[in-house]
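Coordinate analysis (summary)
Now for the letters of each chain:
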Amino acid sequence: MSVAALADFALAYAQKKGAAYAEVRLEQVEGNSFLVKKQNVEASGIDIKSGIGIRFLVNNRLGFVSTNVLDKDSLKRIIDRGASFLLHKTRLREAVSLAGESAHKEVYEVRQKQPLQDIDPKEKVQLLLDADKGIASLHSNVPGRWYSLSTSISKETLLTSEGTRIEATIPRVGGYYIITMKQAGRSYQRSWQFGATAGWEAVSGWHLAERLRAEVKAGLHNLSNAVKAPKGSMDVVVGPEVVGIMCHESVGHPFEADRILGREAAQAGESFITPGMIGSRIGSDVVTVVDDPTEEKGYGYYLFDNEGVKARRKYLIKGGMINEFLHNRQTAASMETKSNGSSRAVDYDKEPIVRMSNTFMLPGEYSEDELIEGVRKGVFMKNFMEWNIDDQRMNQKYVGAEAFLIRNGKLAEPVRNPVLEINTTKLWQCFDAVGKKPEYAAGSCGKGEPMQPIPVWFGGPSARLRRVDMR
Amino acid sequence: MNMDPQEMIMKSLQEYASDAVVIMETDDHDLVKFSNNRISITKSWQSQEALVFASIQKRNILTSMRDFSEQAIENSVKGIVAFAKNLVPNQEYAGIAAGPFKYRPIQETFDPRIKEMKDKSIDLVEGAIQAALNEGAQRTAGTFEIRSGEIALLTSNGCEGGERGTSAYFSLRALAEKDASGHKVAVSRMISKMDIEEAAKAAGQIAVDAKDPRPGKPGVYDVLFDPLPAANLLENFGNNFCIMNIESGLSCLDGKLGKRAGSPEMTFYDDGTYPNGMSSSKFDAEGVPTRKNVLVENGTIKTFLHNTSTAKRHNTKTTANAGLIAPEPTNLIVEPGKYRKEEMIERIKHGLYITNLWYTRFQNYKTGDFSTIPRDGIFFIRNGRISYPVRNMRISENIMRIMGNIEAVGKVPEQVRGWEVETPVITPPILVKNIRITKPVEGG
């Protein structure tokens, strides 16, 4: 029996076992990965993954099973096992409903100008080696250099008992670096994650070698010349990388409806947001934050989510007002609305849950120079290293890496690790002006039990914050 | 002659590879997830795969196989060889361990009751939810996961071993109100060695005690860390011992071998043979019998973690911590001290009792500067007594400073593993002096 036929078999078998609703996700992934330490290739991977995940409702009880042993007997065994859990006579089962949804039949493939499967592994790893060589003249000042790169093509088929059939081919390329610079007894570290849903053509847009050279130059300048970070209330301009992480942590996560409803309370946490806050103000007029799976090349790109719901741009904050949450069909039913296509599973063996995709602030009208010109005395935090936020997504901290004082509207000397520690409600109200040139970074967002680190993108333009408390 | 798939893969690889490792893994597990006092979903998995490492002219390749037909194996190996041709060699690679070795059984790593538990795990979850509610919690959320599997290892250097194992992981967060919660985990290889109702009860009690928290104040505090938050810090500290992190500029222990880097109260092990240890195994990923390694002895750094290849280039011996790519910790263990938790609280004049941490992130792994957020019950301690719960605080610290400021170690260890603690850590509560606490301006 073909693998595709096995997916149909699994769907039929789950229904035979009493599933009023079932969805089957078949995933076959092939790719390469590389780990490079300085000029040494530590390991290379041929990454192959295939399997089937089945989520189903029996008597309104939700179950999920998966196997990578792709034959009928294994599928039967795992569905039987999953069904036996759903038939247990517990009084404590949540009754699950799914919001209504039309069936979709679609086949889509992300177009690759330079198909990942055609790129020689040597060329892939050479990207990292060349980027490292680009900082060769400074190696004695950059003792720590670690790089990774992965490429993958995922073929996914989603079938549901309601008649949905989506076939998607999703290529992804992404990587990471972390470098350590040293000077005058001090060290400075920077990391960056890059990624795109695209072919190899995405790589040229990252300008890795140039970017690393700029990182090193900035790091060494900071190590040699940085002054102590100022404290107290002041104006701060934050770069796209900082705006991106703020949108992800302090808007995307608290707007996940499953967190709001308490389903992720044990680990990922809950949210300071309540269902009744739709329509209330959370930020200034200049703040509009969206989550958009359809953003081309975004690392979190998709056209249909893992429940078969058509993806669309979601305006989470619109002109400073709370506009909508991220929903799957279950949370949508609980809040008496429709899913907005935010259900994702990182692999075939994970339950699809509410996730972000590409989350970013929409641009305004200002150049970065104009944002800085509007500050008499403050800080420009171009990027960051350390950050965190509490599990209700209120109390957060961002510590600058490349950062400068702003004096009379101009960048002055670098500053060492400025700290912005602020509550969410204050943060978005302080946004005064937004730049016009967005940039994006990739991330692996953690959520779920077991943990599902999922590819996401976040970003936006630079922005100016008035009167924030620097610690 | 019929060969098993593992032998077939190895035989095929050995035509091309100077070193090869094939690890066959089968895994069955079930998970019950609950939230708002209801079982949200139940999940079951089965998987079977071969993890493969091959070194072909120092081109080190990792892959996995799931189809064990003769043709599929032949195709996979051809793919590995073709891939290797286009790669760059790992100039630092110095081979895998030469076997064979004799392996000693490790106690308490397999429990037939876990293997047979199936949907009876729901009954245990029901009991646990009720136990937390009986303490006064309003809501509970968590998971109970049971797992059984087998692994068989074969290397091109004569190592051959196999073992079966089971494990259970229980995590419950109890909420008494929006800002009052408690979290406990219970982890074990043996069901008889864990008490999930007791863990649920303790989480419920923390949640109730944490009701009506007052805003915390920034400053410097002596902090008593429960095993759950202590494990979070210790796992991050433990990662600094991996030689690959040291070589990559990602460790604050570079150059500190043989030097003092912790409090004299601190003795810290990595032990892959620990009975009931969640990561205990008879052998590492290249077949070397696991052992107990002293990482820190009374504050002095004794060893880093190596595999055979990294050990050769550092003129030392493997510590039996090989993963398929790089050395990694097994079970991280703090040697218990002599104090009861109450005695440690009595030693604190101005401090905090912290029951959980989350979102530990480093500014600089080389210096060890980081921050992390206390979550769930946080309690202000004044003059040796817990005074009242507090909220909304952050530890902004340096991991070396914390290890150097350990004042006392408790005598009752707990095994911790979880969402934020991937490597199992067995630790008692730990008292650390002079922890820097920050927070946003209240209301801002």
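Here the residue numbers are simple positions, counted from 1 along each chain's written sequence. Whichever chain is written first becomes A and whichever ligand is written first becomes 1, with later ones labelled in order. Only residues with pLDDT of 70 or above have their local features reported here, since the model is predicted, and side-chain atom pairs are shown and tallied only from 80 upward, although totals for entire chains, interfaces and linings are computed over all residues. As a convention, hydrogens and water are excluded, and side-chain values are obtained from all of the structure's heavy atoms.

**Here's the deal with the overall build of chain A**
- Scanning chain A for helices and strands turns up nine helices and 25 strands.
- In this setup the radius of gyration rests on C-alpha atoms only. A globule is expected at 2.2 Å times the number of residues raised to 0.38. Taken over the C-alpha trace, chain A has a radius of gyration of 24 Å; the compact-globule value for 471 residues is 23 Å, and the two agree within 12%.
- With respect to the principal axes defined by its C-alpha atoms, chain A has extents near 70 × 55 × 35 Å.
- A simple rule labels every residue: compare its accessible area, found with a 1.4 Å probe on the protein chains alone, to the largest value its type can have, and call it buried under 20%, exposed over 50%, or partly exposed in between. Within chain A, the fraction of its 471 residues that count as buried is 65%.
- Should any heavy atoms of two residues lie within 4.5 Å, those residues are considered in contact. For chain A, restricting intrachain contacts to residue pairs at least 6 apart in sequence, the fraction spanning at least 24 positions comes to 73%.
- In this description, accessible areas are obtained by the Shrake-Rupley approach with a 1.4 Å probe, and a residue is regarded as covered only by the protein chains that are shown. As presented, chain A carries roughly 16200 Å² of accessible surface, and 48% of it is formed by carbon and sulfur atoms. Here a strand is any run of E in DSSP of at least two residues, a helix any run of H or I of at least four, and the numbering for each starts at the N terminus.

**Some points on a negative patch on the surface**
Residue and element names in this part refer to chain A.
- Each patch is assembled from residues with relative accessible area greater than 30% and no salt bridge, linking like charges that lie within 9 Å and nonpolar side chains (Val, Leu, Ile, Met, Phe, Trp, Tyr) that lie within 5 Å. A pair is scored as a salt bridge if a Lys or Arg side-chain nitrogen falls within 4 Å of a carboxyl oxygen belonging to Asp or Glu. Only four residue types enter the tally: Lys and Arg on the positive side, Asp and Glu on the negative side; His and the chain ends are excluded. To locate a charge, take NZ of a lysine, CZ of an arginine, CG of an aspartate or CD of a glutamate. Residues Glu-368, Asp-369, Glu-370, Glu-373 and Glu-439 make up a contiguous surface patch of negative charge.
- Element by element, the count of residues in the negative patch is highest for helix 8 (residues 368–373), at four residues.
- Along the polypeptide, Asp-369 turns up in helix 8.
- Taking relative accessible area as the criterion, Asp-369 reaches 52% and is therefore assigned exposed.

**Some details on the layout of surface pockets**
- The volume enclosed by the largest pocket comes to roughly 1100 Å³.
- In terms of lining, the largest pocket is formed by 41 residues, of which the most central are Val-29, Glu-30, Gly-31, Ile-46 and Ile-48 of chain A.
- The set of elements that each furnish at least two residues to the lining of the largest pocket consists of strand 1 (21–37), strand 2 (40–58), helix 3 (121–133) and strand 5 (144–160) of chain A together with strand 3 (59–65) and helix 2 (70–85) of chain B.
- Among the elements that take part in the lining of the largest pocket, helix 2 of chain B stands out by supplying seven residues, more than any other. Lining residues are defined by having an atom within 4 Å of a point belonging to a cavity or pocket. Those points lie on a 1 Å grid over the protein atoms alone, cavities being sets where a 1.4 Å probe fits but cannot get out and pockets being open sets with protein on both sides within 12 Å along at least five of seven lines. Grid points are joined across faces, edges and corners, and a volume is the space filled by probe spheres set on the points.

**Concerning the packing of aromatic side chains**
- Any Phe, Tyr or Trp ring, taking Trp's six-membered ring, that has another such ring centre within 6.5 Å forms a pair; planes under 30 degrees apart are called stacked, those over 60 apart edge-to-face, and the others tilted. With the rule as written, the count across this model stands at 27 aromatic pairs over all chains.
- Ring centres 4.9 Å apart and planes at 25° place the aromatic pair Trp-428 of chain A and Phe-431 of chain A in the stacked group. Here Trp-428 of chain A and Phe-431 of chain A have matching classes, each one buried.
- Between the aromatic rings of Phe-362 of chain B and Phe-370 of chain B, the centroid separation amounts to 5.1 Å while the plane-to-plane angle is 25°, which identifies the pairing as stacked. The burial state of Phe-362 of chain B is the same as that of Phe-370 of chain B; both residues are buried.
- One aromatic cluster is present, formed by Phe-384 and Trp-387 of chain A together with Trp-358, Tyr-359 and Trp-419 of chain B through successive ring pairs.
- Note that Arg-164 of chain B overlies the ring of Phe-110 of chain B, its terminal NZ or CZ placed 3.7 Å from the centroid.
- Remark: a charge is flagged as sitting over a ring if the NZ atom of Lys or the CZ atom of Arg is within 6 Å of the ring centre and within 35 degrees of the ring normal. When the ring centre of Trp-387 of chain A is taken as origin, the NZ or CZ atom of Arg-361 of chain B, which lies over that ring, is 5.1 Å away.

**Re empty space enclosed by the protein**
Residues and elements named next belong to chain B.
- Here the structure, examined in full by the defined rule, presents five cavities of 30 Å³ or more.
- Quantified by volume, the second largest cavity comes out at close to 250 Å³.
- Looking at the second largest cavity, it is lined by 23 residues, and the ones nearest its centre are Phe-53, Tyr-93, Asn-307, Leu-324 and Ile-325.
- No other element matches helix 8 (residues 308–313), which puts four residues into the lining of the second largest cavity.
- Gly counts as polar in this scheme, as do all residues outside two lists: the nonpolar Ala, Val, Leu, Ile, Met, Phe, Trp, Tyr, Cys and Pro, and the charged Asp, Glu, Lys and Arg. For the lining of the second largest cavity, the residue count by class is 10 nonpolar, nine polar and four charged.

**Considering the domain arrangement of chain B**
All names here are of chain B.
- Just so you know, the domain bounds were taken from an automatic or database domain assignment. As assigned here, chain B comprises domain 1 (5–209) and domain 2 (214–438).
- For domain 1 and domain 2, the distance between their C-alpha centroids amounts to 23 Å.
- Facing 44 residues of domain 1, the contacting portion of domain 2 comprises 42 residues.
- Buried area: the sum, over both parts, of the accessible surface (1.4 Å probe) that disappears when the two are put together. With both sides pooled, the region where domain 1 packs onto domain 2 buries about 3200 Å², and carbon together with sulfur makes up 61% of that total.
- Linking domain 1 to domain 2 there are three salt bridges.
- As a salt-bridge pair, Lys-184 and Glu-414 come within 3.5 Å of each other at their nearest N and O atoms.

**A few points about helix 3 of chain A**
- For helix 3 of chain A, with 13 residues, the first-to-last C-alpha span of 18 Å sits near the 18 Å given by 1.5 Å per residue.
- The bend at a residue is defined as the angle formed between two axes, one fitted to the seven residues ending at that residue and one fitted to the seven starting there. Within helix 3 of chain A, the axis deviates most sharply at Leu-127 of chain A, by approximately 25°.
- Residues Pro-121, Lys-124, Val-125, Leu-127, Leu-128, Leu-129, Ala-131 and Asp-132 of chain A constitute the buried set of helix 3 of chain A.
- At its buried positions, helix 3 of chain A is contacted by strand 1, strand 2, strand 5 and helix 4 (208–225) of chain A together with helix 2 of chain B.
- We define a polar contact as two N or O atoms separated by no more than 3.5 Å, with the added condition that, inside protein, one atom must be a possible hydrogen donor and the other a possible acceptor, whereas residues neighbouring each other in sequence contribute only through side-chain atom pairs. The distance from a side-chain oxygen at the start of helix 3 of chain A to the backbone nitrogen of Lys-122 of chain A is 2.9 Å, and the residue carrying that oxygen is Asp-120 of chain A. Here the expected span of a helix is defined as 1.5 Å times the quantity of residues minus one.

**Re the side chain of Asp-19 of chain B**
Residues and elements named next belong to chain B.
- Here Asp-19 is to be found in strand 1 (residues 19–35).
- Although Asp-19 is buried, it forms no salt bridge, and the closest oppositely charged side chain is Lys-312 at an N-O distance of 7.8 Å.
- A distance of 2.7 Å separates the side chain of Asp-19 from the side chain of Tyr-93, its partner in a polar contact.
- In contact with Asp-19, other than residues within four places in its own chain, are Phe-53, Ala-54, Ser-55, Tyr-93, Gly-95, Ile-96, Ser-156 and Asn-157.

**Some details on the packing of helix 4 (residues 121–134) of chain B against helix 5 (residues 196–209) of chain B**
Residues and elements named next belong to chain B.
- Where helices are involved, their axes are fitted lines through C-alpha atoms of the stretch in contact, as for all axes, and angles between N-to-C directions lie from 0 to 180°. At a minimum axis distance of 7 Å, the contact between helix 4 and helix 5 shows a crossing angle of 30°. Taken as axis vectors, helix 4 and helix 5 run roughly parallel relative to one another. Crossing of helix 4 over helix 5 shows right-handed handedness. Mapping the contact onto sequence places Leu-124, Val-125, Gly-127, Ala-128, Ala-131 and Ala-132 in helix 4 and Ile-196, Glu-197, Ala-200, Lys-201 and Gly-204 in helix 5. Angle categories: roughly parallel below 35 degrees, roughly antiparallel above 145, roughly perpendicular from 65 to 115, and oblique for all the rest. For any pair of crossing helices, the crossing counts as left-handed if the nearer helix is rotated counterclockwise from the farther one by less than a right angle, and right-handed if it is rotated clockwise.

**Focus: the packing of helix 1 (residues 5–14) of chain B against helix 2 of chain B**
All names here are of chain B.
- Where helix 1 contacts helix 2, the two axes come as close as 10 Å, and the packing angle between them is 35°. For the pair helix 1 and helix 2, the sense of crossing is right-handed. Facing helix 1, whose interface residues are Pro-5, Met-8, Ile-9, Ser-12 and Leu-13, helix 2 presents Glu-70, Ile-73, Val-77 and Ile-80.
- Of the residues contributing to the contact of helix 1 with helix 2, the split by class is seven nonpolar, one polar and one charged.

**Here we look at the environment of Ile-246 of chain B**
Residue and element names in this part refer to chain B.
- Assignment of secondary structure puts Ile-246 in helix 7 (residues 243–247).
- Owing to a relative accessible area of 8%, Ile-246 belongs among the buried residues under this scheme.
- Counting along the chain gives 82 residues from Ile-246 to Glu-328, while the straight-line C-alpha distance between them is 12 Å.
- The residues touching Ile-246, leaving out its near neighbours within four places in the chain, are Asn-240, Phe-241, Ser-251, Asp-254 and Phe-304.

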